[in-house]
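An overview of the molecular structure
Listed here are the chains, written in short residue letters.
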Amino acid sequence: ECGNLEEAVRVNSLEWDVSIRGDTLNPRFRVWFYFSVSNMGAGQRVLLHITNSSKTKSLYRSGMTPVVKSESRPLWERIPDRHSYYYRSPRHGGAHVFSFAFLFD
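Residues numbered from 1 in each chain as written. Predicted model: local features only at pLDDT ≥ 70, side-chain atom pairs only at ≥ 80, totals over all residues. Heavy atoms only, no water.

1. Considerations on the sheet that holds strand β7 (residues 95-103)
- Spatial ordering of the open sheet is given by β1-β2-β3-β7-β6, a layout of five strands whose pairing is mixed. Each edge of the open sheet is held by one strand with a lone partner, namely β1 (5-12) and β6 (84-89). Averaged over neighbouring strand pairs, the angle between their axes works out to 25° when direction is ignored. (Pairing = 2+ DSSP bridges. Helix = DSSP H or I, 4+ residues; strand = E, 2+ residues; numbered from the N terminus. Axes fitted to C-alpha atoms, helices over the stretch in contact; angles between N-to-C directions.)

2. Some details on the packing of aromatic side chains
- Tallying each qualifying case throughout the model produces two aromatic pairs.
- Note on phenylalanine 102 and phenylalanine 104: the rings are 4.9 Å apart at their centroids and 85° apart in plane angle, and the pair reads as edge-to-face. (Phe/Tyr/Trp six-rings, centres within 6.5 Å; stacked < 30°, edge-to-face > 60°.)

3. As for the pattern of salt bridges
- Tallying each qualifying case throughout the model produces four salt bridges.
- For the salt bridge of glutamate 15 with arginine 91, the shortest nitrogen-to-oxygen distance reads 3.7 Å. Of the two residues, glutamate 15 sits in strand β2 (residues 15-20) while arginine 91 sits in the loop between β6 and β7, which places them 76 residues apart along the sequence.
- Owing to a relative accessible area of 46%, arginine 91 belongs among the partly exposed residues under this scheme. (Salt bridge = Lys/Arg side-chain N within 4 Å of Asp/Glu carboxyl O. Buried < 20%, exposed > 50% of the residue type's maximum accessible area, 1.4 Å probe, protein only.)

4. Things to note about the environment of methionine 40
- Tracing the chain through its elements places methionine 40 in the loop between β2 and β3 (45-50).
- Using a relative accessible area of 25% as the deciding quantity, one classes methionine 40 as partly exposed.
- In the structure, methionine 40 is positioned 57 residues away from valine 97 in sequence and 24 Å away in space, judged by C-alpha atoms.

5. Focus: the nonpolar core
- Phe33, Ile50, Phe98, Phe100 and Phe102 are the most contacted members of the largest nonpolar core, which totals 13 residues.
- For this core, the elements supplying multiple residues, two or more each, are β2, β3 and β7.
- Setting aside chain neighbours within four positions, we find phenylalanine 100 in contact with Phe33, Val46, Leu47, Leu48, Ile50, Pro66, Ile79, His83 and Ser84. (Core = buried A, V, L, I, M, F, W, Y, C linked by side-chain atoms within 4.5 Å. Contact = heavy atoms within 4.5 Å.)

6. Considerations on unusual backbone geometry
- Unusually for a residue other than glycine, asparagine 39 sits at a positive phi of about 65°.
- Relative to the helices and strands, asparagine 39 resides in the loop between β2 and β3.

Shown next as structure tokens:
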């Protein structure tokens, strides 16, 4: 399995709500995500919100952060924890949302 992006909805010019597809063997299981982003300019910032994770007790609450790589960063590296947030979102009906900021290079 790879590329489990279900939908990406643009909130504004810098922000996206992203939902992830359920696991192949258990569609209710939506914990991990793997997708790519293209056509972004160098220096462009984006805020991504993973809106439909199936776990309310996530490792992201304990300081785990996503890993990323790019053409200028060929090795996987963690997004700094100060750039990621796991919270109940009023805008998403009180659901748990995992948000992280990323600066494209």
